[in-house]
Amino acid sequence: MDLTWNEFERTDMRVGTIIEVNDFPEARKPAFQLTIDFGSEIGIRKSSAQITKRYQKEDLVNRQIVAVVNFPRKQIGKFMSECLVLGAVGEEGDVILLAPDFKIPNGLRIG
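Residues numbered from 1 in each chain as written. Predicted model: local features only at pLDDT ≥ 70, side-chain atom pairs only at ≥ 80, totals over all residues. Heavy atoms only, no water.

- Looking at an unreviewed UniProt entry, one finds the protein chain named tRNA-binding protein, with Flavobacterium ginsengisoli as its source organism.

This is how it looks when you write it as structure tokens:
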């Protein structure tokens, strides 16, 4: 089923910078807990991301990513996810993060 243009426009995708990364040992699949700065309009949000196959914690801090910021919050174990980090999913389930090519202001909308 195709989306209408109006439905697509409701998806709020923004650029943010990862400011903290923690292990998430309680997750069913290996994941990190991310704290992401989306700028002054949106602020700081947390997310869980299954990106441990390709990324190390220390490589993620200060990295810009793209995320959907207007999904409802989702409880994942004891952790509350507040946005959905976007990535391309490989054949083996490994995720490659979507990111801008250049450093840009946090909070810029993807259109």
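1. Some points on the environment of Arg-28
Phase 1 of the analysis: Structurally, Arg-28 can be placed in the loop between strand 1 (13-23) and strand 2 (32-37).
Phase 2 of the analysis: By relative accessible area, Arg-28 is classed as exposed at 87%.
Phase 3 of the analysis: The spacing of Arg-28 and Gly-90 is 62 residues in sequence and 19 Å in space, taken between C-alpha atoms. (Helix = DSSP H or I, 4+ residues; strand = E, 2+ residues; numbered from the N terminus. Buried < 20%, exposed > 50% of the residue type's maximum accessible area, 1.4 Å probe, protein only.)

2. Things to note about the packing of aromatic side chains
A ring pair, where both rings are aromatic, is described by two values, the distance of the centres and the angle of the planes.
Phase 1 of the analysis: Using the criterion set out here, one finds 2 aromatic pairs in the structure.
Phase 2 of the analysis: Summarising the aromatic geometry, the rings of Trp-5 and Phe-8 are spaced 5.5 Å apart at their centres and angled 45 degrees between planes, so their arrangement reads as tilted. In this pair, Trp-5 and Phe-8 both sit in helix 1 (residues 5-9), 3 residues apart, roughly one turn of the helix.
Phase 3 of the analysis: When the centroid spacing of 5.5 Å and the interplanar angle of 55 degrees are considered together, the rings of Phe-24 and Phe-79 count as tilted. In this pair, Phe-24 sits in the loop between strand 1 and strand 2 while Phe-79 sits in strand 6 (residues 79-81), placing the two residues 55 residues apart along the sequence. (Phe/Tyr/Trp six-rings, centres within 6.5 Å; stacked < 30°, edge-to-face > 60°.)

3. As for the sheet that holds strand 1
Sheets are built from strands that pair by backbone hydrogen bonding, the pairs being arranged parallel or antiparallel.
Phase 1 of the analysis: Sheet architecture is open: 5 strands sit in the order 3-2-1-4-7, paired in antiparallel fashion. In this open sheet, the two strands that pair with only one neighbour each are strand 3 (44-49) and strand 7 (84-85).
Phase 2 of the analysis: Examined bridge by bridge, strand 1 and strand 2 share 6 bridges and lie antiparallel to one another. Residue Asp-23 lies in a different strand from strand 2, and its bridge partner there is Phe-32. (Pairing = 2+ DSSP bridges.)

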